[in-house]
Amino acid sequence: MSSWRGRVQALGGDEGFTLIEMLVALAIFSLAALALLRLGGATATNSARLDSQAMAQIVARNISVETLTDPEPPPFGTTGGIVVDGGRRWRWSRSVARSPEARIQQIEVAVAPEEGGPGRAALTVFRRAPS
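If you're wondering where the values come from, they're calculated on a predicted model, not measured in any experiment. (Residues numbered from 1 in each chain as written. Predicted model: local features only at pLDDT ≥ 70, side-chain atom pairs only at ≥ 80, totals over all residues. Heavy atoms only, no water.)

1. Here we look at the overall build of the chain
Next up, step 1: Of the regular secondary structure elements, the chain holds two helices and four strands.
Next up, step 2: Reading the helices (α) and strands (β) of the chain from amino to carboxyl end gives α-α-β-β-β-β.
Next up, step 3: Put simply, the chain has 131 residues, and 19% of those count as buried.
Next up, step 4: Counted over contacts in the chain with a minimum sequence separation of 6, partners at least 24 positions apart contribute 47%.
Next up, step 5: Counting every atom, the chain has about 9,700 Å² of accessible surface; 61% of that belongs to carbon and sulfur. (Helix = DSSP H or I, 4+ residues; strand = E, 2+ residues; numbered from the N terminus. Buried < 20%, exposed > 50% of the residue type's maximum accessible area, 1.4 Å probe, protein only. Contact = heavy atoms within 4.5 Å. Areas by Shrake-Rupley, 256 points an atom, 1.4 Å probe, with all protein chains shown as cover.)

Written as structure tokens, this is what we have:
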């Protein structure tokens, strides 16, 4: 009867990985790690862009609500300014024109960060025109 050691030696005795196998495994792991790093960077960039865009939409809605709740309808034409919201400065413009229905104003609000970059928003609302 042969011992356990004798059976292992009878199978060839080679155990473990060769250097080539280790290099291939390391190369595959490196490619996976690089892909994860790139994914992390893209996620951070998209997160910042979406945060800026969401804040621009909030600013556009705030300006629209102010326009809609003002007792006097806004004058026709384009106005604009700068507002601070969310700790950032936003450049906004409001264009007021007649809609296809003469008794209703069409108001377009556009917002962008003052320093430029991502985070733009546009919103169109309607309101009764002045008599």
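We are not done yet, so read on.
2. Focus: the nonpolar core
Next up, step 1: Formed by 13 residues in total, the largest nonpolar core has its most connected members in Val59, Ile63, Trp90, Val109 and Val111.
Next up, step 2: The element contributing the most residues to this core is helix H2 (residues 19-69), with five residues.
Next up, step 3: In contact with Val59, other than residues within four places in its own chain, are Val83, Asp85, Trp90 and Val111. (Core = buried A, V, L, I, M, F, W, Y, C linked by side-chain atoms within 4.5 Å.)

3. Considering the sheet that holds strand S3 (residues 104-113)
Next up, step 1: A sheet is described by the order of its strands in space; here four strands give the open sequence S1-S2-S3-S4, paired in antiparallel fashion. Here the strands that pair on one side only, and so sit at the sheet edges, are strand S1 (77-85) and strand S4 (121-128). Along the sheet, successive strands turn relative to each other by an average axial angle of 20°, direction set aside.
Next up, step 2: As paired elements, strand S2 (residues 88-98) and S3 share nine bridges and run antiparallel to each other. In the strand pairing of S3, Arg98 is matched with Gln105. (Pairing = 2+ DSSP bridges. Axes fitted to C-alpha atoms, helices over the stretch in contact; angles between N-to-C directions.)

4. Section: the pairing of S3
Next up, step 1: As consecutive antiparallel partners, S2 and S3 are separated by five residues.
Next up, step 2: The sheet contact formed by S3 and S4 spans eight bridges and is antiparallel. For Glu108, the partnering residue across the bridge sits in S4 and is Thr124.

5. Focus on the confidence of the model for the chain
Next up, step 1: With 89% of its residues at a pLDDT of 70 or more, the chain shows a mean pLDDT of 87.
Next up, step 2: Mean pLDDT in the chain bottoms out at helix H1 (residues 4-10), which sits at 52, and peaks at S3, which reaches 95. (pLDDT = per-residue confidence, 0-100.)

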